[in-house]
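Structural description and commentary
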Amino acid sequence: LDYNSMIPNINLTIFAQDNGNPPLSSQAIISIHLIDVDNLDPKFQVSTSYNVNISIDTRIGYEVVPNEGRIYAYDQDIGINSTILYSFLTSNIYFTIDKYTGILTLQSPFDSITQFDLLIKAEQENDPNKSVTTVLHVNVYELNLYPPRFLLLPYTIIGYTINSLDQIPTFNGTISDLDINPRLTYSYSCDLSPLNLQITKTSLRQFRVQLMNFQNLPVCQSCSCILNVSDGQYSDQAYLNIYLYTPISFL
Ligand SMILES: [Ca+2]
Ligand SMILES: [Ca+2]
């Protein structure tokens, strides 16, 4: 008898007859009522594994829904149908899973594109030994559709060869990049080797160029540097022309 594949209530009619003449007989009905026993583990609705594709810019608190739908498992004993509890077997800082609903929530932001797997367990509330596991494949991606561009060219720095801390020759520039959160990095090269630049990111799309060794700079009329900005995939270049004069009082 298998509860899951049978009608749980069966009536059997028993018929008895003797060999007398005439034969006498009687009948009785046996009513069988099947009760399920807890012999089957829970099962995930998705038989393979779950997959999550999530943008690196996703905000904390966001409900993360796998491609296959919400995480869901059920007790295969249909007559018992115990409550199922969900948990992670792999420790991770990014997601929480609701114990009762299986809902995944982002609790920590991503700082790089990455891929990792998490093991998820579903167990019966009344018997933790009756459980099943599945894998959640996580793919953190970043949309990078637009190239960065230096704005408001040409760039020029004019200054003196000798400076104090409050008059370091400086240039503030802006980048155009239509992506939501461009990860811009800067580099440079100059035609005059003693010229060293410090490029600082001042905001998501703004930067500051300052001349290093500002107390003792070479004379430049003009020197030329090439600035480079990259978003990891696309890049742009701009010329920075530098004019450095000897202060008149030192002539
Ligand atoms: Ca069960
Ligand atoms: Ca971009």
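From a predicted model like this one, the values you see are computed outputs, not experimental measurements.

1. Remarks on the state of the cysteines
Across all of its chains, the model carries 2 disulfides by this definition. Each sulfur in the disulfide pair C190 and C225 lies 2.0 Å from the other. Its S-S torsion of about 105° marks the bond between C190 and C225 as right-handed, since a negative value means left-handed. Taken together, the residues span a long stretch of sequence, with C190 in strand β15 (residues 185–190) and C225 in strand β18 (residues 220–230) at a distance of 35 residues. Looking at C225, the relative accessible area reads 0%, which means it is buried. Through a disulfide, C220 is tied to C223; the S-S separation comes to 1.8 Å. The sign of the -90° torsion about the S-S bond sets the C220-C223 disulfide as left-handed. When its relative accessible area of 6% is taken as the criterion, C223 is described as buried. The connectivity of the disulfides in the chain is 1-4, 2-3, where the numbers refer to bonded cysteines in sequence order.

2. So, the coordination of the calcium ion (ligand 1)
Here the calcium ion (ligand 1) is held by D38 (OD), L40 (O), D75 (OD), D75 (OD), D77 (OD) and Q124 (OE1), and the distances to it run 2.2 to 2.8 Å. What the 6 donor atoms of the calcium ion (ligand 1) show is an angle range of 48 to 168° at the metal, which sorts the shape as irregular. Donor residues for the calcium ion (ligand 1) sit on one chain with the sequence pattern D-x1-L-x34-D-x1-D-x46-Q. On the criterion of sequence distance, the pair formed by L40 in the loop between β2 (25–33) and β3 (42–44) and Q124 in strand β10 (residues 114–124) is long-range, its members being 84 residues apart. On the accessibility criterion, L40 (27% relative accessible area) is partly exposed. Q124 sits in the buried class, given a relative accessible area of 0%.

3. A word on the coordination of the calcium ion (ligand 2)
In ideal tetrahedral geometry, four donors around a metal make angles of 109.5 degrees, whereas ideal octahedral geometry with six donors gives angles of 90 or 180 degrees. Note on the calcium ion (ligand 2): its protein donors are N144 (OD1), Y146 (O), D177 (OD), D177 (OD), D179 (OD) and D231 (OD). The metal-donor distances range over 2.2 to 2.8 Å. For the calcium ion (ligand 2), the 6 donor atoms in the first shell make angles of 49 to 159° at the metal, a pattern classed as irregular. Positions of the donor residues of the calcium ion (ligand 2) along the chain correspond to the pattern N-x1-Y-x30-D-x1-D-x51-D. Of this pair, D179 sits in the loop between β14 (170–176) and β15 while D231 sits in the loop between β18 and β19 (235–245); the two residues are 52 residues apart in sequence, bridging distant segments of the chain. Like D231, D179 is buried.

4. Comments concerning the pairing of strand β17 (residues 206–211)
Side chains of β17 alternate between two faces, with F207, V209 and L211 buried and Q206, R208 and Q210 left unburied. Here 5 bridges tie β14 to β17, and the two strands are oriented antiparallel to one another. Counterpart to T170 in the pairing with β17 is Q210. Here 6 bridges tie strand β16 (residues 197–203) to β17, and the two strands are oriented antiparallel to one another. In the sheet register, K201 faces β17, and the bridge partner there is F207. In this structure, the hairpin formed by β16 and β17 is closed by a connection of 2 residues.

5. Looking at the pattern of salt bridges
Per the counting criterion, the structure on display carries 6 salt bridges. The partner of E142 in a salt bridge is R183, with the nearest N and O atoms 2.6 Å apart. With E142 in the loop between β11 (127–141) and β12 (149–150) and R183 in the loop between β14 and β15, this pair connects stretches of sequence that are 41 residues apart. For E142, a relative accessible area of 27% gives the class partly exposed. For R183, a relative accessible area of 31% corresponds to the partly exposed category. Residue R149 pairs with D236 through a salt bridge whose shortest N-O separation is 3.8 Å. Remark: D236 occurs in strand β19 and R149 occurs in strand β12; sequence separation between them is 87 residues. The exposure class assigned to R149 is partly exposed, which follows from its relative accessible area of 39%. Classification of D236 as buried rests on a relative accessible area of 15%. Look at the salt bridges and you will find they share partners, linking D57, E142 and R183 into a network.

6. Observations concerning the UniProt feature "domain: Cadherin" (unreviewed entry) in the chain
Annotation from UniProt places "domain: Cadherin" (unreviewed entry) at residues 1–44 and 46–150. In residues 1–44, the share of helix is 0% and the share of strand is 48%. The end C-alpha atoms are 25 Å apart.

Reading the values: rules and limits
In this numbering scheme, every chain counts its residues from 1 along its sequence in written order. Chains carry letters and ligands carry numbers; both start at the beginning, A for chains and 1 for ligands, and go up in the order they are written. Reporting in this predicted model follows two pLDDT cut-offs: at least 70 for local features of residues, and 80 or more for side-chain atom pairs to be given and counted; totals over whole chains, interfaces and linings ignore these cut-offs and use all residues. Just so you know, side-chain values use all the structure's heavy atoms and leave hydrogens and water out. Cysteine sulfur atoms that come within 2.5 Å of each other are treated as a disulfide pair. Helix and strand labels come from DSSP, where a helix needs a run of H or I of at least four residues and a strand needs a run of E of at least two; each type is numbered from the N terminus. Residue burial is assigned from relative accessible area. The probe radius is 1.4 Å, only protein chains are included, and a residue is buried under 20% of its type maximum, exposed over 50%, and partly exposed in between. Here a donor is any nitrogen, oxygen or sulfur atom (N, O, S) within 2.8 Å of the metal, with 3.2 Å used for Na, K and Ca; water is not among the atoms considered, so some sites may look incomplete. Irregular is the label for any site that misses the other tests, which are tetrahedral for four donors with all angles between 85 and 135 degrees, and square planar for four donors or octahedral for six when opposite donors exceed 155 degrees and the remaining angles lie between 65 and 115. Any two strands with at least two DSSP-identified bridges between them are counted as paired. Salt bridges are counted wherever a side-chain nitrogen of Lys or Arg sits within 4 Å of a carboxyl oxygen of Asp or Glu. UniProt positions are given in the numbering used here, feature names are shortened, and annotations may be inferred rather than shown by experiment.

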